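Below, each chain spelled out in residue letters.
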Amino acid sequence: MKRFLAVILLLLCVTGCTAQPKSYTADFFAMDTFMSITAYGADEQAAQDTAVQCEQRVNALEPALSRTREDSDIYRLNHADGAVCTVSADTYAAIQAAVQYAEFTGGAFDPTMAPLTDLWGINTDNAHVPEQAEIDAALARVGYQNVELLGDNQVRLLNGAQLDLGGIGKGFATDAVAALLDGSSSVLATLGGNIGAYGENPVRDSGNWVVGIADPDNNADYLATVEVRGLSVVTSGDYERYFEQDGKRYHHIFDPATGYPADSGLRSVTVIDEASTRADALTTALFVMGLEEGMAFCAANDIAAVFVTADKQVHVTDKVGAVCTFTFLGEEKGYTHAQ
């Protein structure tokens, strides 16, 4: 469900540095979005080897996480009519994580939204507002409680449920990249809108990576930056995928309770976390919760998040200051930093 260029990476070069570090960038298309992995190394070959290894790991996850490829585990599981399926270790781990975060968020994030996603057809030629009876029928098949994890990589779906791991897929891939790296690796992984910034940024004095948070009104620009290291930055926004009908915009972040795009008063949510899978799930859940409930959830669970509201206010949780440096740049764009 997420997130093409939801954040903008800023690589700021050090003034007066004596030599550029050796780097290699692998650009590729996977999981329905553009991806880029830049690695730095002692020499160009070492950097290339790291970047290519990371790219190969991401590409290997496509059949584990896709629900549209007929050779994928998720496709097979969704078409098993409730029978037990044995899936790969990667697929099982991703489903297990998705259910865990669904439970954690009280269902605000739910990995069984496929019937609703298909019904609304957002980002397809068939995007439309369904009839209420159709939404009700789809909702009857939604609910993470319908996912049975039976151990030994065996899974069963009950009551016509179907999985869509798009809500955590890029986060899971980002974490898979991080797992490949040792402590000395310097890698920036831009997997759609999921940013993984690992090791020391060799082109900045601070060693930190600077990531921009997009302006929902112009996602080629940004309204704030965060400086991070060893963290993932993930954004979900209503500006990423949507259609308009009868003068109203309908976006792709659905409320599992209503079957409609979440009407929460938010434009975007950014989460900064060590685990990109967790950040991926949380951006969706917090967007569905809305500002008041979402901020309270973050305070109770020590979550670093940035909320952008429809009335152009930017709210930052207390945890943000503990994990990164946040810089507000949205005043000239009409945003207010709510203190």
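Residues numbered from 1 in each chain as written. Predicted model: local features only at pLDDT ≥ 70, side-chain atom pairs only at ≥ 80, totals over all residues. Heavy atoms only, no water.

**Focus on the packing of helix 7 (residues 276–289) against helix 8 (residues 291–301)**
Line of reasoning, step 1. Direction vectors running N to C along helix 7 and helix 8 enclose 140°, while the axes themselves pass 7 Å from each other. On the basis of their axis angle, the class for helix 7 and helix 8 is oblique. Residues Arg278, Leu282, Leu286 and Met289 of helix 7 lie in contact with helix 8, whose contacting residues are Leu291, Glu293, Gly294, Phe297, Cys298 and Asn301.
Line of reasoning, step 2. For the contact of helix 7 with helix 8, the per-class residue count stands at six nonpolar, two polar and two charged. (Axes fitted to C-alpha atoms, helices over the stretch in contact; angles between N-to-C directions. Helix = DSSP H or I, 4+ residues; strand = E, 2+ residues; numbered from the N terminus. Parallel < 35°, antiparallel > 145°, perpendicular 65-115°, else oblique. Contact = heavy atoms within 4.5 Å. Nonpolar A, V, L, I, M, F, W, Y, C, P; charged D, E, K, R; others polar.)

**Quick notes on the pairing of strand 3 (residues 33–41)**
Line of reasoning, step 1. Of all nine residues that make up strand 3, seven are buried, and the element is covered over most of its length.
Line of reasoning, step 2. In this sheet, strand 3 lies alongside strand 2 (residues 22–30) in antiparallel orientation, the contact comprising nine bridges. Counterpart to Ala30 in the pairing with strand 3 is Thr33.
Line of reasoning, step 3. Bridging between strand 3 and strand 7 (residues 186–191) involves six bridges; their strand directions are antiparallel. (Buried < 20%, exposed > 50% of the residue type's maximum accessible area, 1.4 Å probe, protein only. Pairing = 2+ DSSP bridges.)

**Comments concerning the packing of helix 6 (residues 169–180) against helix 7**
Any two packed helices are characterised by how steeply their axes cross, that is the angle between the axes, and by the distance between the axes.
Line of reasoning, step 1. With their axes 7 Å apart at the nearest point, helix 6 and helix 7 run at an angle of 165° to one another. Taken together, the axis directions place helix 6 and helix 7 in an arrangement best described as roughly antiparallel. Crossing of helix 6 against helix 7: the hand is right-handed. In this structure, helix 6 uses Gly169, Lys170, Gly171, Phe172, Thr174 and Asp175 to contact helix 7, whose residues at the interface are Ser276, Thr277 and Asp280. (Left-handed = near helix turned anticlockwise from the far one by under 90°.)

**Considering the confidence of the model for the chain**
Line of reasoning, step 1. Per-residue confidence for the chain gives a mean pLDDT of 92; residues scoring 70 or more make up 94%.
Line of reasoning, step 2. When the criterion is pLDDT under 50, residues 1–18 qualifies, and its contacts beyond four places in sequence or with other chains add up to 68 contacts. (pLDDT = per-residue confidence, 0-100.)

**Digging into the side chain of Glu62**
Line of reasoning, step 1. When you line up the elements, Glu62 lands in helix 1 (residues 44–65).
Line of reasoning, step 2. One buried charge, Glu62, has no salt-bridge partner; the nearest side chain with opposite charge is Arg69, at 5.1 Å.
Line of reasoning, step 3. Look past the residues within four positions of Glu62 in its chain and what remains in contact with it is Ala30, Met31 and Arg69. (Lys, Arg positive; Asp, Glu negative; His and termini not counted. Salt bridge = Lys/Arg side-chain N within 4 Å of Asp/Glu carboxyl O.)

**Considerations on unusual backbone geometry**
Most peptide bonds adopt trans geometry, and most residues besides glycine take a negative phi value.
Line of reasoning, step 1. One non-glycine residue, Asp152, adopts positive backbone phi at about 55°.
Line of reasoning, step 2. Within the secondary structure layout, Asp152 lies in the loop between strand 5 (147–151) and strand 6 (154–157).
Line of reasoning, step 3. Of note, the phi angle at Asn153 is positive, near 65°, even though the residue is not glycine.
Line of reasoning, step 4. In this fold, Asn153 is placed in the loop between strand 5 and strand 6.

**Here's the deal with the pattern of salt bridges**
Line of reasoning, step 1. Using the criterion set out here, one finds 14 salt bridges in the structure.
Line of reasoning, step 2. Note that Asp73 and Arg76 form a salt bridge whose closest N and O atoms lie 2.9 Å from each other. Here Asp73 pairs with Arg76, and both are found in helix 2 (residues 73–78), just three residues apart, close to one helical turn.
Line of reasoning, step 3. When its relative accessible area of 37% is taken as the criterion, Arg76 is described as partly exposed.
Line of reasoning, step 4. Ionic pairing is found between Glu227 and Arg204, a salt bridge with its closest N-O pair at 3.4 Å. With Glu227 in strand 10 (residues 218–228) and Arg204 in the loop between strand 8 (194–198) and strand 9 (209–215), the pair connects residues that are 23 residues apart, well separated along the chain.
Line of reasoning, step 5. Residue Arg204 is classed as buried on the basis of its relative accessible area of 16%.
Line of reasoning, step 6. Linked by salt bridges that have partners in common, Asp217, Asp238, Arg249, Arg267 and Lys312 make up one network.

**Looking at the environment of Leu150**
Line of reasoning, step 1. Its place among the elements puts Leu150 in strand 5.
Line of reasoning, step 2. Taking C-alpha positions, Leu150 is 8.7 Å from Val84, a pair spaced 66 residues apart along the chain.
Line of reasoning, step 3. Setting aside residues up to four positions removed in sequence, Leu150 forms contacts with Val84, Tyr92 and Arg156.

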